[in-house]
Amino acid sequence: MEVGKFTNIPCLAHTLQLVVKDGCLNNERISLLTATCRRIVGHFKHSVKSYKLLRQSQEVLGLPKHVIIQDEPTRWNSTFHMLNRLIEQKDAILLVTPHFPKATRQNKELSTGEWDNLVPLVAALKVFEEVTLTASSSKVTTSEVIPIINAVNMSIDRIKDYGNFKESLCQSLHRRYEDCENEPIYAFATILDPRFKNKIFRSRMMAEKAVTLLNGELNALDIDEGHETKAAENR
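Residues numbered from 1 in each chain as written. Predicted model: local features only at pLDDT ≥ 70, side-chain atom pairs only at ≥ 80, totals over all residues. Heavy atoms only, no water.

Looking at an unreviewed UniProt entry, the protein chain carries the name Zinc finger BED domain-containing protein 4-like, with the source organism given as Hydra vulgaris. For the protein chain, the Subcellular location (unreviewed entry) comment in UniProt is given as "Nucleus". (UniProt positions renumbered as here; feature names shortened; annotations may be inferred.)

Peer 1: Describe the overall build of the protein chain, naming the residues involved and giving the relevant values.
Peer 2: Scanning the protein chain from N- to C-terminus turns up eleven helices and zero strands. Secondary structure elements of the protein chain occur, N-terminal to C-terminal, as α-α-α-α-α-α-α-α-α-α-α. A globule of 235 residues ought to have a C-alpha radius of gyration of about 18 Å, yet the protein chain, at 25 Å, is considerably larger. Each of the 235 residues in the protein chain was classed as buried or not, and the buried ones make up 40%. Long-range pairs, those at least 24 residues apart, make up 71% of the contacts in the protein chain between residues at least 6 apart in sequence. (Helix = DSSP H or I, 4+ residues; strand = E, 2+ residues; numbered from the N terminus. Rg over C-alpha atoms; globule rule 2.2 N^0.38 Å. Buried < 20%, exposed > 50% of the residue type's maximum accessible area, 1.4 Å probe, protein only. Contact = heavy atoms within 4.5 Å.)

Peer 1: Tell me about the pattern of salt bridges, and name the residues and values.
Peer 2: One pass over the structure, following the stated rule, counts nine salt bridges. Note that Glu59 is salt-bridged to Lys65, the shortest N-O span being 3.6 Å. For Lys65, a relative accessible area of 48% translates into the label partly exposed. With a closest N to O distance of 3.7 Å, Glu72 and Arg75 form a salt bridge. Under the relative-accessibility criterion, Arg75 is labelled partly exposed at 38%. Put simply, Glu144, Asp193 and Arg195 are held in one network by salt bridges that share partners. (Salt bridge = Lys/Arg side-chain N within 4 Å of Asp/Glu carboxyl O.)

Peer 1: Which residues make up the layout of surface pockets, and what values go with them?
Peer 2: Counted as a void, the largest pocket has a volume near 200 Å³. Lining the largest pocket, in full, are Ile149, Asn150, Asn153, His174, Tyr177, Glu178, Asp179, Cys180, Glu181, Asn182, Arg202 and Met206. Broken down by element, the residue count for the lining of the largest pocket peaks at three residues, all from helix H8 (residues 145-157). In terms of residue class, the lining of the largest pocket is built from four nonpolar, four polar and four charged. (1 Å grid on protein atoms, 1.4 Å probe; cavity = no way out; pocket = protein on both sides within 12 Å on 5 of 7 lines; lining within 4 Å. Points joined across faces, edges and corners; volume = space filled by probe spheres on them. Nonpolar A, V, L, I, M, F, W, Y, C, P; charged D, E, K, R; others polar.)

Peer 1: So, unusual backbone geometry: which residues are in play, and what are the values?
Peer 2: The backbone of Lys5 sits at a positive phi, close to 60°, despite the residue not being glycine. Turning to its location among the elements, Lys5 is positioned in the segment before helix H1 (12-25).

Peer 1: Quick rundown of the side chain of Ser168? Include the residues and the values.
Peer 2: By the element assignment, Ser168 lies in helix H9 (residues 165-177). There is a polar contact of 3.0 Å between the side chain of Ser168 and the backbone oxygen of Phe165. With residues near it in sequence (within four places) discarded, Ser168 still touches Gly23 and Asn27. (Polar contact = N/O pair within 3.5 Å; in protein donor to acceptor, adjacent residues only side chain to side chain.)

This is how it looks when you write it as structure tokens:
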């Protein structure tokens, strides 16, 4: 990229993963909550009796007979899938939990408040899961960075906070993309994309500034081409 004198821009999907890890999953309260969820999942994975009871509870309650998912530490979206599945199977899990041996139940139960707090957490992670899949598409272009970041910001704004995770999540995102509308490489690409033009910017002032800069770049190209044409004619 440097030899070809192209602007090097970081991978959007990878950067979004860093945002989730730094701004959310590394949050102390979130870490404690997800650790308890892992212990619950681990119990069902290792206890044949509890697994059978869970199956029976799913049938009684009319829930999908889905297995409980264990996350992988190296993949943040696997944590999203684990928590999302726990919410789906909440009633079945609560029906089985009283049958855990007393010693086993320690550190393997979520309070009513913790169950409630899983909902906004999963909603936030779902936003990043969806935009990461979009950003990982082979058809994605630089023009989609500003729309994606703005969509994430608007979606996160509507989510209820828990343990300051939303604040730290937004801080992590802003630290990496706060000024993306002011970056010509992103702004020009967005304006030149007929799907977006100047309508997708959060700041009208930034959109107008980008249009002005782009017009300046185009005028400079016209001047350069005129000089080249005249030089060619002279030769």
